[in-house]
Amino acid sequence: MTFEDFNLKRELINAIDNIGFKEPSPIQRDAIPTILSGKDMIGQAQTGTGKTAAFGLPIINMIEPKRGVDALVIVPTRELAMQVSDELYRFGKELGIKTATVYGGASYSRQIDRISQANIIVATPGRLLDLLQSKRIEISPRFVVLDEADEMLDMGFLDEIKEIFRYLPENRQTLMFSATMPKQIEELAVEILNEPETITITKRERTNQDITQKFYVVSERERDDALLRLIDYKNPSKCIIFCRMKREVDRLSSYMTSQGFKVASLHGDMEQKQREHTIRAFKSGMVDIFIATDVAARGLDVNDVSHVFNYHIPFDSESYVHRIGRTGRAGKKGEAITLVTPDELRTIKKIEKDVGTKLISKVVPTKQELRDKRDSDLLSRVANTKITQDGIDVVKSLQHDIDIVTIAQLLASMIREDEVSLKGKESIGLTKKEIDRLMSKSSRRRDRDRRRGGRRRGSRAGRGRSRR
Ligand code: ADP
Ligand code: MG
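Just so it is clear, the model here is predicted, and its values are computed rather than measured.

1. Here we look at the overall build of the chain
Counting secondary structure elements, the chain contains 20 helices and 14 strands. Viewed in the frame of its principal axes, the chain has a C-alpha envelope of about 90 × 80 × 45 Å. Look at the contacts in the chain between residues 6 or more apart in sequence, and 76% of them connect residues 24 or more apart. For the chain, the separation between the mean place of its 81 positive charges and that of its 69 negative charges on side chains is 8 Å.

What follows is the structure, given as structure tokens:
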């Protein structure tokens with residue numbers, strides 16, 4: 001199937017070609033015809049599955065530029081607002097479709113001015129409701145999209161969303177997208193949607209096969225050493241390190257900076273300007289290590305993230321899926337690495353069950369292994385380097401005083417000097433044997449519990465019976 005099959009406007013097909021999408025993703029395949037047919041829709045699919053184009057393309061195809069604001073897209077965060085509006089702008093540019101982005105913390109007058117010329121508004125709930133309630137804007141969009149609905153719920157926007165819908169025309173096409181379907185979101189759907197069609201991208205398709213998932217068992221106080229050793233060893237081209245709390249983000253960023261790493265960090269309390277700056281630095285590759293909390297990084301669309309590190313394992317499987325979905329995008333390979341303590345192995349098992357894939361247990365490389373890897377990396381770098389005239393000239397003039405072997409040794413030592421020195425203990429974390437023992441112990445305990453009717457409490461009664 002291709003995008004041509006949807007009978008979209010010529011300009012839209014051109015835009016898709018220019019952006020480089022080759023074929024529709026599963027959610028796009030199902031959602032685009034549904035939306036074009038005029039039906040309300042609920043789309044349930046994981047992050048990174050292409051939901052923006054799934055609603056953006058059909059809506060832009062149906063919009064009339066003359067009608068003023070014809071579509072409204074509500075998203076939970078400012079970052080998403082900017083990201084979604086960027087993508088919609090790229091789709092609609094050739095058709096003369098204008099977008100306006102609306103979020104808190106920015107000038108009212110500029111936003112109102114933009115809205116007056118726009119065909120699509122992409123907005124966060126707070127500022128949008130503010131503008132509607134104060135009657136500073138009046139809109140009657142035919143298309144309304146609620147993006148990342150479960151995230152809105154988590155962030156406490158449910159009441160504001162319901163209030164916003166009181167200002168929207170009854171006669172509209174409404175689309176709702178959500179990665180998960182908590183009960184309150186189902187109830188909201190009943191309230192705002194009209195005989196919707198539900199499109200679910202099934203669990204099987206949910207974890208991306210392009211992501212290798214690994215975990216390392218370490219003690220609580222080895223986390224920092226293990227993380228740095230792994231980053232040294234893996235040498236990620238671009239990575240995100242997830243922490244549970246903002247405090248942890250701050251501490252880890254200053255620690256890593258003190259250890260000679262260049263990092264950027266993101267959390268909910270940062271000022272808007274600073275956040276934008278940070279994200280831009282990461283996207284453009286000025287910084288290649290990004291430290292963030294779940295909330296701050298959710299939905300962020302950064303390409304080419306080679307590794308995701310979970311400094312702490314997330315509390316639930318859903319956020320695990322969201323986190324690791326930052327890598328392995330657009331057909332590229334990615335690696336997701338989770339640090340756990342022996343106590344947290346239970347959470348690994350739970351994630352494996354919920355997500356339906358196995359995480360591979362690994363041992364943190366020793367100092368010697370890291371040294372060996374640096375050696376072989378250097379050798380292949382040398383082997384792949386092309387000899388330049390500058391290089392020839394340098395050696396020629398050195399050769400007057402120094403023999404050729406010494407020159408080579410000096411140059412190699414110079415390269416080595418630039419590397420961050422090796423830190424931490426020789427071995428970090430549990431060995432393969434220790435991990436295997438722990439894993440089989442916990443699964444033996446589970447089997448035993450299952451035989452006893454799945455309840456630990458039942459253990460005493462069980463023992464009593466077998467004795468009798
Ligand atoms: P979601 O909203 O489901 O998290 P996005 O809409 O942000 O996902 O899309 C994720 C990434 O995939 C974006 O960079 C987007 O440009 C890209 N993308 C979307 N659809 C396609 C497609 N059909 N082919 C290739 N890349 C796509
Ligand atoms: Mg999205």
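2. Focus on the site of ligand 1
Around ligand 1 sit 15 residues in total, of which E23, Q28, G48, T52 and D301 are the nearest. A distance of 2.8 Å separates a nitrogen atom of ligand 1 from a polar atom in the side chain of Q28. Here ligand 1 has 570 Å² of accessible area as a free molecule, and 84% of this is covered by the chains.

3. Some words on unusual backbone geometry
Phi at E148 takes a positive value of approximately 55 degrees, unusual for a residue other than glycine. Within the secondary structure layout, E148 lies in the loop between β5 (143–146) and α7 (149–154). For E148, a relative accessible area of 11% gives the class buried. Phi at N235 is positive, roughly 50 degrees, even though this residue is not glycine.

4. Some words on the domain arrangement of the chain
Interfaces are frequently sized by the accessible area removed from exposure as the parts join. Annotation of the chain at the domain level lists domain 1 (3–201), domain 2 (211–364) and domain 3 (368–418). The C-alpha centroid of domain 3 is placed 34 Å from the C-alpha centroid of domain 2. Contact residues are listed per partner, giving 4 residues for domain 2 and 4 residues for domain 3. When domain 2 packs against domain 3, close to 410 Å² is buried across both sides, 58% of that on carbon and sulfur atoms. Its largest share of buried area at the contact with domain 3, domain 2 owes to R229, D232 and Y233, together 85% of the area lost on that side.

5. Topic: the environment of G92
With respect to the helices and strands, G92 occurs in helix α4 (residues 78–92). Residue classification places G92 among the buried positions, given a relative accessible area of 0%. The spacing of G92 and T338 is 246 residues in sequence and 40 Å in space, taken between C-alpha atoms. When neighbours within four sequence positions are excluded, G92 is seen to be in contact with I60 and I97.

6. Regarding the sheet that holds strand β12 (residues 307–310)
Read across the open sheet, the 7 strands follow the order β10-β11-β9-β12-β13-β8-β14; overall the sheet is parallel. One side of each edge strand has no neighbouring strand; the edge strands of this open sheet are β10 (263–266) and β14 (360–362). This sheet shows a mean twist of 25 degrees between the axes of neighbouring strands, independent of strand direction. Pairing geometry for strand β8 (residues 211–217) and strand β13 (residues 334–340), over 7 bridges, is parallel. Note that in β13 the partner of Q213 across the bridge is A336. Contacting β9 (239–243), β10 and β11 (289–293), helix α11 (residues 246–258) runs over the sheet at an angle of about 160 degrees to β11. Along the sheet, helix α14 (residues 317–324) makes contact with β8, β9, β12 and β13, crossing β12 at roughly 150 degrees.

Definitions and limits used
Per chain, residue numbering runs from 1 following the sequence as it is written. For this description, chains carry letters from A and ligands carry numbers from 1, given in the order in which they are written. Restriction of local features to residues with pLDDT of at least 70 applies here, the model being predicted, together with a cutoff of 80 or more for giving and counting side-chain atom pairs; totals for whole chains, interfaces and linings are based on all residues. The side-chain quantities take in all heavy atoms of the structure and omit both hydrogens and water. Counting from the N terminus, the helices are DSSP H or I runs at least four residues long and the strands are E runs at least two residues long. Contacts are residue-level and defined by heavy atoms, with any inter-residue pair within 4.5 Å sufficient. In this tally Asp and Glu are treated as negative and Lys and Arg as positive; neither His nor the chain ends contributes. All charge positions are set by atom: Lys at NZ, Arg at CZ, Asp at CG, Glu at CD. When we say a residue is near a molecule or strand, we mean one of its heavy atoms is within 4 Å of it. Whenever a nitrogen or oxygen atom comes within 3.5 Å of another N or O atom, the pair is scored as a polar contact, on the condition that within protein one atom can donate a hydrogen and the other can accept it, and that pairs from neighbouring residues in sequence are kept only if both atoms are in side chains. Values of accessible area rely on a 1.4 Å probe in the Shrake-Rupley scheme; residue burial ignores everything except the protein chains shown. Burial classes: relative accessible area under 20% of the type maximum marks a residue as buried, over 50% as exposed, and values in between as partly exposed (1.4 Å probe, protein chains only). Residue ranges assigned to each domain were obtained from an automatic or database domain assignment. Joining two parts hides part of their accessible area as seen by a 1.4 Å probe, and the buried area is that hidden amount summed over both. Pairing between strands requires that DSSP locate at least two bridges from one strand to the other. Here, axes are lines fitted to C-alpha atoms. For helices the fit covers the stretch in contact, and angles between N-to-C directions go from 0 to 180 degrees.

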